[in-house]
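Each chain is listed here by its residues.
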Amino acid sequence: MTFDKMDEGVNRMDTHTSHQAANRLHRTLLQPAAVPLATTVSSPSLLGTPPNRTQLWELSLAHHSEDKLPQHLLFNPSPRQVNRQSACMAMLRTLSVLLSLLVPAHSTRSPDCGGILTPSGLRYLAEVSKPHAESVLRRDLMDSAPAPSPTSPSRNQIISVKVDKFSLTLIPDTGMRLSIEVDLGISSAPSSTKEMRLSILADLHVDMNPEGNLELVTSDCKPTLEEVQSAEETDSKSSSSDVDKQINVEKICLEVSKLLLFPNERLMSLAAPFPITPNCQVQYLPLAAPMYSEQGIIISLQTTFQVAGAAIPLPVSPVPFSMPEPARSSPSHLILAFSEHFYTSLFSALEESGALNVSLLSSLTTATLAERITQMGSLFQEDLPVVLQAVTRSSPHVVLEEDKAIVQLFLTAQIGAGSSPFQSFLSVNVDVTARLQISVADTRMIISVAAVEDIELSLATSDVGPILAALLEELFLPTLREEVPAQINKVLRQGVFLPHIASFTYTDVNITIHKDYVLIPCNLQLEAKTGEARTWE
């Protein structure tokens, strides 16, 4: 029911009791109002902000204000009609507030990074899965088969299993197709052998389960078994029937996804938390099941950062990020992409964890400093080294441009001497603009400060009188320019784990920085040692 029909109901309310009118209004409010809801959400004033139920009711009420009422009610209302209209409007507002309290707050879920597994990557996964599939089939078909009994020594036995073909191809908008051809060696007696072929054609796709984990699902599977050749003349029909009984094709189809080297356990490892520093972790959460295009399998991820085990709020609402699809087929196995917001969130997490708060040792001492600042002489009785204790005063910000990544740090440096206690005599605001360098080692993204492009100093407080900006820069700029990048690089020396699944690493990496995002095409490589623990060192 639309709000226009509710207006018509106002004119008829004087023929009912107030109790009946309230009941009808209550039933009207409980009906889903699809049209007004869609119209309100698309309102320019609310673009980008999900409206709550109170806003929806009030916008609709504003739309149906007095100028929308019938003319006879506007210009010649009876006291009874005015009272009932006022009661109706008051009830609407009261119920709208109550309904808004029942609707839970909507948390923003927007991707800030993602990846595309290309057709080349699928071919590689099929290639490395082939030996694994052969091992699984040999165990299921040979090792689990019952041995021939003395009473029936001529029973057919599978004596060899060899995977001849194993391919994984992309089906746009649908999923993947797994095609397997297996040669089986059959023996019924020492002098009687033959070969049969088991063919499996299965359609697969990755879905998201209710727990939010990705899992590989088989949507269709068609196995066939046929004789290829026979070493001797035998009763082909009878022997094939015996082999059919030994091969449980339904079980093979039911577990066909296990023939691949990335079963659900490995897919779940994608969303595992990875350490950045001892008390800061990163986690990549899939927002939905992947999409399938001609360019590959596209997955969108949302990054969360945890400090001391608790997730921290993002510094700003993330801008929806879409994976940039390549214009043509990529030779790389995988294309990773990270938005500008990802890097800003990373540095904000480091700020929250205290990792960007650093202590810098200056080459100056209190005695040498007293030569330039005369009031220093009365503060310290002995000559002590000058220390700069820098802490963040606001969240860092990362800007991505073509072939360039910039981090902006906003620090406050307490300048003083002594260890217990530390005696500060100057407080200086330090704004650092530095160029970032990004590389990849194994499954880690190595981020480092390559060069400081600009540092601005301004005096915040002073216990030694006013100090000119030029003197501040002369005394402390060399230390800040050298030590701030060194300390940040020390924090980030272990790198940041990229989204990856267990047992695979990245090679042939090519990083390109674009405006608003970083693109990382790379190849997959199966690790020689599987199950290697990844810990922060």
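Residues numbered from 1 in each chain as written. Predicted model: local features only at pLDDT ≥ 70, side-chain atom pairs only at ≥ 80, totals over all residues. Heavy atoms only, no water.

Colleague: Give a detailed account of the state of the cysteines, specifying residues and quantitative values.
Modeller: All chains considered together, the criterion is met by one disulfide. What pairs with Cys 221 in a disulfide is Cys 253, and their sulfur atoms sit 2.0 Å apart. Sign of the S-S torsion, about -70° for the bond between Cys 221 and Cys 253, identifies this disulfide as left-handed. Residue Cys 221 is found in strand β5 (residues 214–230), and its partner Cys 253 is found in helix α9 (residues 249–254); the two are separated by 32 residues along the sequence. What makes Cys 253 buried here is its relative accessible area of 12%. (Disulfide = S-S within 2.5 Å. Helix = DSSP H or I, 4+ residues; strand = E, 2+ residues; numbered from the N terminus. Buried < 20%, exposed > 50% of the residue type's maximum accessible area, 1.4 Å probe, protein only.)

Colleague: An account of the packing of aromatic side chains is requested, with residue identities and associated values reported.
Modeller: In this structure the tally under the stated criterion is eight aromatic pairs. Here Phe 321 and Tyr 517 contribute two aromatic rings whose centre-to-centre distance is 6.4 Å and whose plane-to-plane angle is 50°, an arrangement assigned as tilted. Pair noted here: Phe 321 is in the loop between β10 (310–311) and β11 (334–339) and Tyr 517 is in strand β20 (residues 517–526), with a separation of 196 residues, a long-range link. Seen in terms of ring centroids, Phe 342 and Tyr 343 are 5.1 Å apart; in terms of plane orientation they differ by 85°. Their pairing is edge-to-face. Taken as a pair, Phe 342 and Tyr 343 share a single burial class, namely buried. (Phe/Tyr/Trp six-rings, centres within 6.5 Å; stacked < 30°, edge-to-face > 60°.)

Colleague: Account for the sheet that holds strand β17 (residues 496–497), with residues named and values stated.
Modeller: Ordered by their spatial adjacency, six strands build an open sheet running β12-β13-β14-β15-β16-β17, and the pairing between neighbours is antiparallel. Looking at the sheet topology across the chains shown, the edges are occupied by β12 (358–365) and β17. The pairing of strand β14 (residues 404–417) with strand β15 (residues 423–441) spans twelve bridges and is classified as antiparallel. Residue pairing across strands places Gln 414 opposite Ser 427, the latter belonging to β15. Of the strands in this sheet, β13 (385–401), β14, β15, β16 (444–462) and β17 touch helix α11 (residues 340–353), which is tilted by about 160° from β13. Contacting β12, β13, β14, β15 and β16, helix α13 (residues 469–491) runs over the sheet at an angle of about 150° to β16. (Pairing = 2+ DSSP bridges. Contact = heavy atoms within 4.5 Å. Axes fitted to C-alpha atoms, helices over the stretch in contact; angles between N-to-C directions.)

Colleague: So what's going on with the pattern of salt bridges? Residues and values would help.
Modeller: Two side chains that carry opposite charge are able to pair once their charged atoms sit near each other. In the structure shown here, the tally under the stated rule is eleven salt bridges. Residues Lys 404 and Glu 453 are paired through a salt bridge, measuring 3.7 Å at the closest nitrogen-oxygen approach. With Lys 404 in strand β14 and Glu 453 in strand β16, this pair connects stretches of sequence that are 49 residues apart. Under the relative-accessibility criterion, Lys 404 is labelled partly exposed at 23%. (Salt bridge = Lys/Arg side-chain N within 4 Å of Asp/Glu carboxyl O.)

Colleague: So what's going on with the nonpolar core? Residues and values would help.
Modeller: Within the largest apolar cluster, 123 residues are counted, with the highest numbers of intra-cluster contacts made by Tyr 343 and Phe 476. By size, the runner-up hydrophobic cluster in this structure holds seven residues, among which are Ile 116, Ile 298, Met 323 and Ile 335. (Core = buried A, V, L, I, M, F, W, Y, C linked by side-chain atoms within 4.5 Å.)

Colleague: Got a sec to walk through the environment of Pro 499? Specific residues and values, please.
Modeller: Looking at the element boundaries, Pro 499 is found in the loop between β17 and β18 (504–507). Remark: the alpha-carbon pair of Pro 499 and Phe 274, spanning 225 residues in sequence, is separated by 9.3 Å. Among residues more than four places away in sequence, those in contact with Pro 499 are Leu 270, Tyr 284, Leu 301, Phe 338 and Tyr 506.

Colleague: I'd like to hear about unusual backbone geometry, residue by residue, with values.
Modeller: Look at Asp 173: it is not a glycine, yet its phi comes out positive at around 70°. Mapped onto the secondary structure, Asp 173 falls in the loop between β2 (157–171) and β3 (175–189). Among the residues examined, Asp 173 registers a relative accessible area of 71% and is labelled exposed. Of note in the backbone geometry, Ser 503 takes a positive phi value of approximately 80° without being a glycine. Inspection of the secondary structure puts Ser 503 in the loop between β17 and β18. Classification of Ser 503 by relative accessible area gives buried; the value is 5%.

Colleague: Requested: an account of α13, with residues and values cited.
Modeller: At Phe 476, α13 shows its strongest bend, of approximately 50°, with the proline Pro 478 following within four residues. When α13 is considered as a whole, its buried residues turn out to be Leu 471, Leu 472, Leu 475, Phe 476, Leu 477, Thr 479, Leu 480, Val 484, Pro 485, Ile 488 and Val 491. (Bend = angle between axes of the 7 residues up to and from the residue.)

Colleague: Quick rundown of the pairing of strand β7 (residues 280–286)? Include the residues and the values.
Modeller: Of all seven residues in β7, five are buried; the element is thus mostly enclosed. Where strand β6 (residues 274–277) hands over to β7, the hairpin turn is made up of two residues, counted between the paired strands. Taken together, the seven bridges between β7 and strand β9 (residues 296–307) define a ladder with antiparallel strand orientation. Bridge pairing links Val 282 to Phe 305 in β9.

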